[in-house]
Amino acid sequence: MTEQYAVIGHPLGHTLSPLLHNWGFQHKHVDARYAALPMTPGELGGFMERVRGGAFAGLSVTIPHKRAVMAHLDGLTPRAEAVGAVNTIFWRDGLLLGENTDVLGVLEPLRGLGPFRGGLVLGAGGAARAAVAALKELGLDDVLVANRTRDKAEALAREFGVTAAPWESRTTLGADLLVNTTPLGMSGERVGECPWPGETPIPSDLTVFDLVYNPLETILLRRAKDAGCRTISGLEMFLHQGLAQFKLWTGLDLDPDQAREVLLDVLQAP
């Protein structure tokens, strides 16, 4: 019997998760199917009852359910507990558990690139939580969080034991690693926006990691490349969090280079 997997969120937009996982299932000869299921917060409770009844073998979870879904689970991995958010649901020994592979999505592309003096995370939502957790796992002593709503940055900083910085001073903080977790630059109404002010040059010694993956090259990444910075596309974060999900569900490893090509074929299509 074909196992069912899905991503839940609202709105889902043009998620690439079905493309990645269905390719993986086919590539590894796994009898499974992955679907995109747009779901409002009001629908979450009833849906999770179906999941607990065995309707799904695993789930990806995105905005706005990453925290709300935790109340419907039997437990969390240490990483998900540390982040305080879940993006992956899986079964183990009859228990429905939550993990956060977003942390690995940030961590893996940065491995071997340091050491960094300090990291600056822009934003204070679920992706920012994963980014802060990843930078702490990397061993960065100096992690800063800046968000347009100062209260949210301060709350996140307190929870993780890092430092909140004013949004207005984000260009003068001296970090050599910048991680953008805001939607500024994302396809749609924000595509023309950039989290780094237009009148301020980007320092050439900055490593810039933009978690936005559609478009592949945001305004931030284009400006950073022009300034001579090392840049990392959000595709890398999406890829590595997805590979970690697939491994959790199936026990199988997908080749990152092959999986990246599958995603690039779609993202670079005219």
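Residues numbered from 1 in each chain as written. Predicted model: local features only at pLDDT ≥ 70, side-chain atom pairs only at ≥ 80, totals over all residues. Heavy atoms only, no water.

(A) Looking closely at the overall build of the chain. Helix and strand counts for the chain stand at nine helices and 12 strands. Overall size of the chain, expressed as C-alpha extent along the three principal axes, is 55 × 40 × 35 Å. Residues classed as buried in the chain amount to 52% of the 270 residues present. Residue pairs in contact within the chain that sit at least 24 positions apart in sequence constitute 65% of those at least 6 positions apart. Distance from the positive charge centre (24 side chains) to the negative charge centre (31 side chains) of the chain: 2 Å. (Helix = DSSP H or I, 4+ residues; strand = E, 2+ residues; numbered from the N terminus. Buried < 20%, exposed > 50% of the residue type's maximum accessible area, 1.4 Å probe, protein only. Contact = heavy atoms within 4.5 Å. Lys, Arg positive; Asp, Glu negative; His and termini not counted. Charge placed at Lys NZ, Arg CZ, Asp CG, Glu CD.)

(B) Molecular detail of the packing of aromatic side chains. Going through the model one piece at a time under the given rule, you end up with six aromatic pairs. Both rings, one in Y5 and one in F25, keep their centres 5.2 Å apart while their planes meet at 35°; by these two values the pair is tilted. Of this pair, Y5 sits in strand 1 (residues 3-9) while F25 sits in helix 1 (residues 17-27), placing them 20 residues apart in sequence. A centroid spacing of 4.9 Å and a plane angle of 40° characterise the contact between Y5 and W249, whose relative ring orientation is tilted. Note that Y5 is positioned in strand 1 and W249 in helix 8 (residues 234-250), a separation of 244 residues in sequence. Residue classification places Y5 among the buried residues on the basis of a relative accessible area of 2%. A network of ring pairs unites the aromatic residues Y5, F25, Y34, F246 and W249 as a single cluster. A cation over a ring is seen here: R148 above W167, with NZ or CZ 5.9 Å from the ring centre. (Phe/Tyr/Trp six-rings, centres within 6.5 Å; stacked < 30°, edge-to-face > 60°. Lys NZ or Arg CZ within 6 Å of the ring centre and 35° of its normal.)

(C) Representation of the state of the cysteines in the model. Considering all chains together, one arrives at zero disulfides under this definition. Of all cysteine sulfurs, the one in C194 lies closest to C229, which takes part in no disulfide; the gap is 11 Å. Given the relative accessible area of 9%, C229 is considered buried. (Disulfide = S-S within 2.5 Å.)

(D) Representation of the pattern of salt bridges in the model. Using the criterion set out here, one finds 14 salt bridges in the structure. R117 is the partner of D176 in a salt bridge, and the nearest nitrogen-oxygen pair spans 3.9 Å. Highlighted residues: D176 in the loop between strand 9 (163-166) and strand 10 (177-180) and R117 in the loop between helix 4 (102-110) and strand 7 (119-122), separated in sequence by 59 residues. The closest approach of N and O atoms between E236 and R260, which form a salt bridge, is 2.8 Å. Within this pair, whereas E236 is found in helix 8, its partner R260 is found in helix 9 (residues 256-267), the two being separated by 24 residues in sequence. The same class applies to E236 as to R260, namely buried. Three or more residues are tied together by salt bridges with common partners; here these are R117, D176 and D205. (Salt bridge = Lys/Arg side-chain N within 4 Å of Asp/Glu carboxyl O.)

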